[in-house]
Amino acid sequence: MLRYRRVSSWEFDLIMREAEKYGELRHNFFAVVEGKFRDVYAVNERVWRDIENLKLKPYAFGSFVGTIKVDKNLVEKFYPNVEFFYFVDVRKNYAVLTPKAGFLFTTGKDVPRNGVRRYSWQGTKKLVILDENGIPLGMGRINPGSRKKFILNVTDVGEFLRRRR
């Protein structure tokens, strides 16, 4: 059975801590759908009011931004998806790609050093990958020792289209 609710203060803290690795969270209203995992959605007050007045309970609403899971060490962690970064003012741990490299990244490829216009890397190996207009393309892992595979593709916006059916 699915349950939906607003995020708890603890869950909001998990979301906020993840956002702080990359910049500042620009959104403050999230809800959770509890099933096997706790899926997190960004919603606004009006949508939330409408949901509360529904007789039929929804299984999804708003923008899906990630999942809260318990890792192998029994620690709760928020795992963001690409859409999460539309709600974050990204200022650190990011890479801006050239148009060609951005296209290749969205097809699942790794990025060579010459495909990166600029980047900021502080403390974590994971980077938010952006196009020249600041649009999130995905997540990558920096590999500073390699020029050919400088940023390894972790996830990208094209993943949904490439999946096996």
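Look up a bit, the structure's there.
Residues numbered from 1 in each chain as written. Predicted model: local features only at pLDDT ≥ 70, side-chain atom pairs only at ≥ 80, totals over all residues. Heavy atoms only, no water.

Draft legend 1. Quick look at the side chain of Asn153. Among the structural elements, Asn153 can be located in strand E12 (residues 151-156). At a separation of 2.9 Å, a polar atom in the side chain of Asn153 contacts the main-chain carbonyl oxygen of Phe105. For Asn153, the side chain forms a polar contact with the main-chain nitrogen of Thr155, separated by 3.1 Å. (Helix = DSSP H or I, 4+ residues; strand = E, 2+ residues; numbered from the N terminus. Polar contact = N/O pair within 3.5 Å; in protein donor to acceptor, adjacent residues only side chain to side chain.)

Draft legend 2. Seen up close, the pairing of strand E6 (residues 76-80). Pairing between strand E5 (residues 63-70) and E6: five bridges, direction antiparallel. Bridge pairing links Thr67 to Tyr79 in E6. Taking the residues that link successive antiparallel strands as the turn, the E5-E6 hairpin has five residues, and the phi of Leu74 there is positive, at about 65°. (Pairing = 2+ DSSP bridges.)

Draft legend 3. Spatial organisation of the environment of Ile135. Relative to the elements of secondary structure, Ile135 occurs in the loop between strand E10 (126-130) and strand E11 (136-142). Its relative accessible area of 35% is what places Ile135 among the partly exposed residues. Each C-alpha atom, one on Ile135 and one on Phe85, is 8.8 Å from the other, the two residues being 50 residues apart in sequence. Excluding anything up to four places from it in sequence, Ile135 contacts Tyr86, Ile129 and Leu130. (Buried < 20%, exposed > 50% of the residue type's maximum accessible area, 1.4 Å probe, protein only. Contact = heavy atoms within 4.5 Å.)

Draft legend 4. Broad picture of the pattern of salt bridges. Throughout the structure, instances matching the rule amount to 13 salt bridges. The salt bridge partner of Arg5 is Glu34, with a shortest N-O separation of 2.8 Å. Of this pair, Arg5 sits in strand E1 (residues 3-6) while Glu34 sits in strand E3 (residues 30-34), and the two are 29 residues apart along the sequence. We note that Arg5, like Glu34, is buried. For Lys21, the salt bridge goes to Glu18, with nearest N and O atoms at 3.0 Å. Bridged by salt links that share partners, the residues Arg3, Arg5, Glu11, Glu34, Arg38 and Glu76 form one connected network. (Salt bridge = Lys/Arg side-chain N within 4 Å of Asp/Glu carboxyl O.)

Draft legend 5. Layout of the packing of aromatic side chains. On inspection of all chains with the given rule, the structure shows eight aromatic pairs. Aromatic side chains Phe12 and Phe30 sit 6.1 Å apart centroid to centroid with 45° between the ring planes, which places their arrangement in the tilted category. You can see Phe12 sitting in helix H1 (residues 9-20) and its partner Phe30 sitting in strand E3, a full 18 residues away along the chain. On the basis of relative accessible area, Phe30 is assigned to the buried category, the value being 2%. The interplanar angle of 70° and the centroid separation of 5.3 Å between the aromatic rings of Tyr119 and Phe150 together place this pair among those described as edge-to-face. With Tyr119 in strand E9 (residues 116-120) and Phe150 in the loop between E11 and E12, this residue pair connects regions lying 31 residues apart in the sequence. Ring pairing ties together the aromatic residues Tyr22, Phe78, Phe84 and Phe85, which thus form one cluster. The lysine or arginine in question, Lys69, covers the ring of Phe37, its NZ or CZ lying 4.9 Å from the ring centre. The lysine or arginine in question, Lys69, covers the ring of Tyr79, its NZ or CZ lying 5.6 Å from the ring centre. (Phe/Tyr/Trp six-rings, centres within 6.5 Å; stacked < 30°, edge-to-face > 60°. Lys NZ or Arg CZ within 6 Å of the ring centre and 35° of its normal.)

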